[in-house]
Amino acid sequence: MSLSLTDAPGQSRTVPRLLIGLAFALTALFVVAPLAFIFWRAFAEGWAVYLGNITDPLTRHAIWLTTLVAVIVVPVNVAFGIAAAWAIARFRFPGRKLLVTLIEIPFSISPIIAGICYLLLYGRQGLLGPWLADHDIKIMFAIPGIVLVTMFVTAPFVAREVLPLMQAQGSEQEQAAVTLGARGWQVFSRVTLPNIRWALLYGAVLCTARAVGEFGGVSVVSGAIRGQTNTLPLQIELMFNDLNTTGAFAAASTLTVIALVVLVVKAALESRR
């Protein structure tokens, strides 16, 4: 049951109103104002300049690369999250708690550290670098490196959303389906998946948002090569360093729109859950 300011007769309404007003004021100051400034600065020189910056070949390539990375990373992490959550929630095995801890490691490690680890592992002077060079396999300063580090950073999102729900629901319905003769895929598609679909979609949305906005780890492994390995966040930094402030804000507005769309989808999924 929700409470309102009139639920407690005789209680002062001053404090609740002050807290609500403070919450709105801080939100406007720290969230709404920066977002509004991004769009104001992006359109400050008119639509023609804005569209010119958005359609710049380097910016279009950055948008394409960011989309490509998200398209690769999100399905892989969705599959990994389902498999990991299923294993942890449905089976008891040695190292189960260790697996949970390992899944959450990306939350406690800076993305830059993750990028450096990949660089020391797959870089030309890294542990596997000479072998990769001998076989003409390029991971660092190329798309595979960007995909790998983004996959690492976003790995926990789906698993962390799906796992608590699967643990809370238990396995009784799945066992009943097996008893009635359902095969493994039928159990998953007709029993498990419908029960976790909103948590799964919620985790996928969070994973997408993180993949699109990742900067730290990607900046280490990509080399920030113009027109080749610059994702949209890196392109924004590049344009800003080139003193193309309007272009930087135009690119930032694109990233902001993506974030706002993700926020709307996230809110809709939360209401469904």
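Since the model is a prediction, treat every value here as computed from it, not as a measurement.

On to the overall build of the protein, then. Counting its secondary structure elements, the protein contains 14 helices and zero strands. Principal axes of the C-alpha set define a box for the protein whose edges measure 70 × 60 × 30 Å. The 273 residues of the protein split such that 37% are buried. Partitioning the contacts of the protein with sequence separation of at least 6, the portion at a separation of at least 24 is 72%. As displayed, the protein has an accessible area near 15900 Å², and 68% of this comes from carbon and sulfur atoms. Side chains of the protein carry 19 positive and 13 negative charges; the gap between the two charge centres is 9 Å.

Think of interface size as the accessible area that goes away when the parts come together; that is how it is often given. Partitioning the protein into structural domains gives domain 1 (13-43) and domain 2 (46-271). Taking the mean C-alpha position of each, domain 1 and domain 2 sit 30 Å from one another. The interface of domain 1 with domain 2 comprises seven residues on the first partner and twelve residues on the second. Each partner contributes to the roughly 880 Å² buried at the junction of domain 1 and domain 2, and carbon and sulfur atoms together form 78% of this total.

For the rest of this paragraph, the subject is the UniProt feature "transmembrane region" (unreviewed entry) in the protein. Within this structure's numbering, the places UniProt gives as "transmembrane region" (unreviewed entry) are residues 18-43, 63-86, 98-121, 141-159, 199-225 and 245-269. Helix makes up 100% of residues 63-86 and strand 0%, with an end-to-end C-alpha separation of 34 Å. Strand forms 0% of residues 245-269 and helix 100%; the C-alpha atoms that close the span are 36 Å apart.

Moving on: the side chain of Glu 174. Within the secondary structure layout, Glu 174 lies in helix H10 (residues 172-179). Leaving out residues up to four positions away in the same chain, Glu 174 has contacts with Trp 86, Arg 90, Val 187, Val 191 and Thr 192.

So, on to the packing of helix H6 (residues 111-122) against helix H8 (residues 143-154). Running from N to C, H6 and H8 point in directions that differ by 140 degrees, and their axes come no closer than 10 Å. Compared by their axis directions, H6 and H8 come out oblique. For the element pair H6 and H8, the recorded crossing hand is right-handed. Facing H6, whose interface residues are Pro 111, Ala 114, Gly 115, Tyr 118 and Tyr 122, H8 presents Leu 148, Val 149, Phe 152 and Val 153. When the residues that make up the contact of H6 with H8 are grouped by side-chain class, the tally is eight nonpolar, one polar and no charged.

Attention now goes to the nonpolar core. Ranked by internal contacts, the top residues of the largest apolar core, which has 24 residues, are Val 78, Val 158, Val 162, Met 166 and Leu 200. Elements with a minimum of two residues in this core: helix H3 (57-90), helix H9 (156-169), helix H11 (184-213) and helix H14 (245-272). Per-element tally for this core: the top contributor is H11, with eight residues. With residues up to four places along the chain from it excluded, the contact list for Val 78 reads Val 158, Leu 200 and Ala 204. Formed by 16 residues, the second largest nonpolar core is a distinct cluster that contains Ala 42, Phe 249, Ala 251 and Ala 252.

Cut-offs and rules
- Sequence order sets the numbering: in each chain, residues are counted from 1 along the sequence as written.
- Only residues with pLDDT of 70 or above have their local features reported here, since the model is predicted, and side-chain atom pairs are shown and tallied only from 80 upward, although totals for entire chains, interfaces and linings are computed over all residues.
- With hydrogens and water set aside, each side-chain value is computed from the structure's full complement of heavy atoms.
- What counts as a helix is a DSSP run of H or I of at least four residues, what counts as a strand is a run of E of at least two, and both are numbered from the N terminus.
- Exposed residues in this analysis have more than 50% of their type's maximum accessible area, buried residues have under 20%, and partly exposed residues fall in between, with area computed by a 1.4 Å probe over protein chains only.
- We call two residues contacting when some pair of their heavy atoms lies within 4.5 Å.
- Only the protein chains shown count as cover for residues, and all accessible areas are computed by the Shrake-Rupley method using a 1.4 Å probe.
- Think of it this way: Lys and Arg go in the positive column, Asp and Glu in the negative one, and His and the chain ends go nowhere.
- By convention, the point assigned to a charge is CZ for Arg, NZ for Lys, CD for Glu and CG for Asp.
- Marked domain ranges trace back to an automatic or database domain assignment.
- Summed over both partners, the accessible area (1.4 Å probe) lost when two parts come together is defined as the buried area.
- UniProt positions are given in the numbering used here, feature names are shortened, and annotations may be inferred rather than shown by experiment.
- Here the axes come from fitting lines to C-alpha atoms, over the contacting stretch only for helices, and the angles between their N-to-C directions go from 0 to 180 degrees.
- For this classification, under 35 degrees means roughly parallel, over 145 means roughly antiparallel, 65 to 115 means roughly perpendicular, and everything else is oblique.
- We call a crossing left-handed when the near helix sits turned anticlockwise from the far one by less than a right angle, and right-handed when that turn is clockwise.
- Only Asp, Glu, Lys and Arg are considered charged, only Ala, Val, Leu, Ile, Met, Phe, Trp, Tyr, Cys and Pro nonpolar, and every remaining residue, Gly among them, polar.
- For our purposes a nonpolar core is just a set of buried Ala, Val, Leu, Ile, Met, Phe, Trp, Tyr and Cys residues, chained together by side-chain atoms within 4.5 Å.

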